[in-house]
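Now for the letters of each chain:
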Amino acid sequence: MNTRSITRDSAHRNGTPRDEGEDARRAQLIEVTIDSLAEVGFVGTTLAEIAGRAGVSPGLVAHYFGDKDGLLEAAFRKLAREVATNARERLALARTPRARVQAVIDANLGPENFDKRTGTSWLAFWGQVLHLEGLRRVQTAYQKRMLSNLRSDLRRMIPGEAARSLAAMIAAMIDGVWLRAALSEWQEADSESARALLTAFVEGRLRELTRSQAVDGAELAPGGAPGRAAHARDSIRVINPATGEELAELAVDGPAQVDAAVARARAAQKSWASMTGAERGRVLQRAARLLRERNDELAELETHNTGKPIQETRAVDVVSGAECLEYYGGLAAGLAGEYLDLGPKAFGYTRREPLGVVAGIGAWNYPLQIACWKSAPALACGNAMIFKPAELTPLTAVKLSEIYREAGLPEGLFQVVQGYGETGRLLTRHPGIRKISLTGEVSTGKAVMADAASTLKQVTLELGGKSPLIVFGDANLDDAVSGALLGNFYSAGEVCSNGTRVFVQRSVRGEFIERLRARTVAMRVGDPLDPATQVGALISAEHMQKVLGLIARGRAQGARLIVGGSRLTVGALGRGCFVAPTVFDACHDDMDIVRQEIFGPVMSVLEFESEAEVIVRANATEFGLAAGVFTNDLTRAHRVIAQLEAGTCWINHYNITPIELPFGGVKLSGLGRENGRAALEHYTQLKSVYVAMAGVEAPY
Ligand code: NDP
């Protein structure tokens, strides 16, 4: 029930108290008018009808609104104001021009406009706009506001003329989609599919326009993503995605700042590398202690910035970072090459040496953890690291750099640069940087690798996934359901290794779905700062729209929605980016929700019969990050795991990432490994030394 219907119901229930203020009575009469328009249409909505419904005299209605036209104008104004408020709230959450355009689309096509009552009254008003001056004024103001919002944001992405015409097209499509939906009595489209349609249209047009801009000589943004076209982006607005509150505004670092950071890092790295591993390790251990001491404060900051529940960030994000620093702090002293016996006249040895200045580029889902996972092995091995957090989550990496300094890390060895993909690109192309470790999307990984090629940098790429989680009929079903929940809804599904394709053997599918449904329905979505909340907000309005668009596609392509499936807007949740944990059953391998990484709380359940069949289907993806198998047949577990094309696997568990185990993907999910001893190889290079123990025999 939305707030509007609560107001209306209570007004009906309680009658109109004599001491109620004028505003409340006017508001009640307006609600009754909207009810009347929805139920008996424009002609049937008369002052007498309204008075009868509200239980007051027609004279009182006339007293407040004059005549029917006045009442209708007030009611129309109220509906238009609701859309405007909705748009304002969404715009406050949007961080980029593209997200602001989406906010306008969503405000106009949101679920609150797609109910019969609101839609039918809008239709009644539209029918009269040409005849009633008052309604025309409201309609014109509402259209002007929408167009000017769209134009001003589009202008930040594409040239003025193109922006004006695209804004007009978007406005026309919003009206058209809405009108068709209303005329079909909401059979032709729902809010989500309407928004998905508009989103696809806008993406397509922006792609074409930015491409033609590039052809015309204008520069495309690095990565070439639509809506990220080149424009002055000299600051980052950091927003809490659960509330829309602005947390900070940061300056973007450009070429001069990146050059200076590299110079500082080079100056500091040599003496850091010449310290013993034990000395370096002690600094990391001290930093780990400080992280643990500040666990709650850092967790709170991470929750504010990411929207993840505090019960997760307190237990995992900071702790996992600290464990990583402890682990590599311990390994630092043990870094060694090998001795090779080359016979009586020589021996050889290898030295494991640092690379020099390296860069880390982080994704937004585990900002502090990613910064730790990259910097700890880099520093332990004697490198300096320059780290660029994702533009959406730039805050905790700065805290980590302060902690390193406090722990005794000399200046310049861990520096944070802030910015968008453009700043990342300054790092990937910089000749003074020897290696890039990226966590991000596959397309970013490809762009980084291509850029790194010009200076032949090493790369570690931790990219996306669409991992299979296989439940055999003999599995402990409760454990399998727990694994599926952990592997889909932790961090609101924003985890790269999530097992989003849940293959369940036919014999247990019904039972599995039943238990899964019951436990998903019971999950608590809410204020991320509330310790009882289990699912928080998604990272941004833009990302939420992507997730909702894929949910809509899942429905349209015939997947059966078991639970969830929509944005949550009740009460304070309406200010943020909350999506209900969603389970689809009866999925097929070729559906978009089964093929594409969603990075949100959306699980797809697929049925299988035989082991051989499920292995082929599990591997039928371009990704290869992770995989899980639930079975009580030990032999089968190992046999199946051996055949799965994935870098990180679990047997009878899911998404556990102890720092000792290397983590990373195969196929398009990445290159190289983080964590474990394996990461040391990616932050060092070998020097081979031949030592002669006898004279030099030369034929000359
Ligand atoms: P993106 O690829 O959009 O961004 C990752 C980082 O790269 C950001 O800091 C981004 O900057 C930067 N960047 C973007 N373009 C370039 C470029 N051309 N050159 C250099 N740097 C660039 O990923 P998201 O932040 O959206 O993260 C979600 C993705 O990360 C998902 O696909 C997920 O699967 C993956 N991921 C993988 C993990 C793994 O370990 N395999 C773990 C966690 C997430 P900015 O944000 O400022 O634009």
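Calculation criteria
- Residues numbered from 1 in each chain as written.
- Predicted model: local features only at pLDDT ≥ 70, side-chain atom pairs only at ≥ 80, totals over all residues.
- Heavy atoms only, no water.
- Helix = DSSP H or I, 4+ residues; strand = E, 2+ residues; numbered from the N terminus.
- Rg over C-alpha atoms; globule rule 2.2 N^0.38 Å.
- Buried < 20%, exposed > 50% of the residue type's maximum accessible area, 1.4 Å probe, protein only.
- Contact = heavy atoms within 4.5 Å.
- Areas by Shrake-Rupley, 256 points an atom, 1.4 Å probe, with all protein chains shown as cover.
- Lys, Arg positive; Asp, Glu negative; His and termini not counted.
- Charge placed at Lys NZ, Arg CZ, Asp CG, Glu CD.
- Pairing = 2+ DSSP bridges.
- Axes fitted to C-alpha atoms, helices over the stretch in contact; angles between N-to-C directions.
- pLDDT = per-residue confidence, 0-100.
- Phe/Tyr/Trp six-rings, centres within 6.5 Å; stacked < 30°, edge-to-face > 60°.
- Lys NZ or Arg CZ within 6 Å of the ring centre and 35° of its normal.
- Parallel < 35°, antiparallel > 145°, perpendicular 65-115°, else oblique.
- Patch = residues over 30% accessible without salt bridge, like charges linked within 9 Å, V, L, I, M, F, W, Y side chains within 5 Å.
- Salt bridge = Lys/Arg side-chain N within 4 Å of Asp/Glu carboxyl O.
- Disulfide = S-S within 2.5 Å.
- Arc of directions from axis to C-beta.
- Polar contact = N/O pair within 3.5 Å; in protein donor to acceptor, adjacent residues only side chain to side chain.

1. Digging into the overall build of the chain
For step 1, the next point in the chain: Per the secondary structure count, the chain includes 25 helices and 18 strands.
For step 2, the next point in the chain: Its C-alpha atoms give the chain a radius of gyration of 29 Å, near enough to 27 Å, the size a compact globule of 700 residues would have.
For step 3, the next point in the chain: Its C-alpha atoms give the chain principal-axis dimensions of about 115 × 60 × 50 Å.
For step 4, the next point in the chain: Across the 700 residues in the chain, those meeting the buried criterion constitute 55%.
For step 5, the next point in the chain: For the chain, long-range pairs separated by at least 24 residues make up 72% of all intrachain contacts whose partners lie at least 6 apart in sequence.
For step 6, the next point in the chain: When the accessible area of the chain is evaluated, it comes to approximately 28,500 Å², of which 54% is carbon and sulfur surface.
For step 7, the next point in the chain: One finds the centroid of the 80 positive side-chain charges in the chain at a distance of 3 Å from the centroid of its 81 negative side-chain charges.

2. Details of the sheet that holds strand β6 (residues 384-388)
For step 1, the next point in the chain: A sheet is described by the order of its strands in space; here six strands give the open sequence β7-β6-β5-β8-β9-β17, paired in mixed fashion. Edge positions in the open sheet fall to β7 (414-416) and β17 (670-671), since each of these has one partner strand only.
For step 2, the next point in the chain: Those strands touched by helix α15 (residues 367-380) are β5 (357-361), β6, β7 and β8 (435-439), and its axis lies near 165° from that of β6.
For step 3, the next point in the chain: The strands touched by helix α18 (residues 442-453) within the sheet are β8, β9 (458-462) and β17, with β9 carrying the most contacts at an inclination of about 180°.

3. Points about the pairing of strand β15 (residues 626-630)
For step 1, the next point in the chain: The element β15 is extensively covered by neighbouring structure, given that five of its five residues are classed as buried.
For step 2, the next point in the chain: Side chains A626, G628 and F630 project from β15 onto one buried face, and the interleaved A627 and V629 project onto a second face that is buried too.
For step 3, the next point in the chain: As paired strands, strand β10 (residues 468-471) and β15 are joined by three bridges and run parallel to one another. If you follow L469 over to β15, its bridge partner there is G628.
For step 4, the next point in the chain: Sheet topology places β15 next to strand β16 (residues 648-651); four bridges connect them, and they run parallel. Residue G628 lies in a different strand from β16, and its bridge partner there is W650.

4. Side note on the pairing of β10
For step 1, the next point in the chain: Alternating residues of β10 divide into P468 and I470 and L469 and V471, and every residue in both groups is buried.
For step 2, the next point in the chain: Relative to strand β11 (residues 501-505), β10 is paired through four bridges, and the arrangement is parallel. When the bridges of β11 are listed, L469 appears paired with V502.

5. A closer look at the confidence of the model for the chain
For step 1, the next point in the chain: Averaged over all residues, the pLDDT of the chain is 91; the fraction at 70 or higher stands at 94%.
For step 2, the next point in the chain: Contacts from residues 1-18, a stretch scored under 50 in pLDDT, to residues over four places away or in other chains number 21 contacts.
For step 3, the next point in the chain: Predicted confidence is poor over residues 214-232, with pLDDT under 50, and the contacts of this stretch with residues over four places away or in other chains come to 21 contacts.

6. Describing unusual backbone geometry
For residues other than glycine, phi is negative in most cases, and the peptide bonds are mostly trans.
For step 1, the next point in the chain: The backbone of S491 shows a phi angle near 50°, a positive value even though the residue is not glycine.
For step 2, the next point in the chain: Assignment of secondary structure puts S491 in the loop between α19 (477-489) and β11.
For step 3, the next point in the chain: Residues other than glycine seldom take positive phi values, yet N675 does so here, at roughly 65°.
For step 4, the next point in the chain: Here N675 shows up in the loop between β17 and α25 (678-682).
For step 5, the next point in the chain: Judged by relative accessible area, N675 falls into the buried class, the value being 0%.

7. Overview of the packing of aromatic side chains
For step 1, the next point in the chain: A complete count under the given rule lists 15 aromatic pairs for this structure.
For step 2, the next point in the chain: Ring centres 4.9 Å apart and planes at 85° place the aromatic pair Y327 and Y328 in the edge-to-face group.
For step 3, the next point in the chain: The exposure class assigned to Y327 is buried, which follows from its relative accessible area of 17%.
For step 4, the next point in the chain: In textbook terms, an aromatic cluster arises when at least three aromatic residues are bridged by ring pairs, as seen for F76, W122, F125, W126, Y142 and W178.
For step 5, the next point in the chain: The ring of Y683 has K435 sitting right over it, with the charged end atom 5.0 Å from the ring centre.

8. Let's talk about the packing of helix α2 (residues 22-44) against helix α4 (residues 58-65)
A packed helix pair is summarised by two numbers, namely the angle formed by the two axes and the spacing between the axes.
For step 1, the next point in the chain: Running from amino to carboxyl end, α2 crosses α4 at an angle of 110°, the nearest separation of the two axes being 11 Å. Considered as vectors, α2 and α4 are oriented roughly perpendicular to each other. Taken together, the residues of α4 that come into contact with α2 (itself represented by E22, R25, R26, L29 and I30) are L60, V61, H63, Y64 and F65.

9. Some thoughts on a nonpolar patch on the surface
For step 1, the next point in the chain: On the surface, a nonpolar cluster with roughly 320 Å² of combined accessible area is contributed by L340, L342 and Y690.
For step 2, the next point in the chain: Position of Y690 among the secondary structure elements: in strand β18 (residues 684-692).
For step 3, the next point in the chain: When its relative accessible area of 60% is taken as the criterion, Y690 is described as exposed.

10. So, the state of the cysteines
For step 1, the next point in the chain: Counting across every chain of the model gives zero disulfides.
For step 2, the next point in the chain: Here C649 stays free of any disulfide, with the sulfur of C496 as its closest cysteine sulfur at 14 Å.

11. Describing helix α17 (residues 421-428)
Think of an α-helix as 3.6 residues a turn; residues three or four steps apart then line up on the same face.
For step 1, the next point in the chain: Residues of α17 that are buried: T423, G424, L427 and T428. One side of α17 holds all its buried residues, which, seen down the axis, span an arc of 145°.
For step 2, the next point in the chain: Buried residues along α17 sit against α11 (255-274), β5, β6, β8 and α18.

12. A look at the side chain of K457
For step 1, the next point in the chain: Along the polypeptide, K457 turns up in the loop between α18 and β9.
For step 2, the next point in the chain: Buried and without a salt bridge, K457 has D451 as its closest oppositely charged side chain, separated by 9.3 Å.
For step 3, the next point in the chain: Separated by 3.1 Å, the side chain of K457 and the backbone oxygen of T428 make a polar contact.
For step 4, the next point in the chain: Within the structure, K457 has its side chain in polar contact with the backbone oxygen of I433 (distance 3.4 Å).

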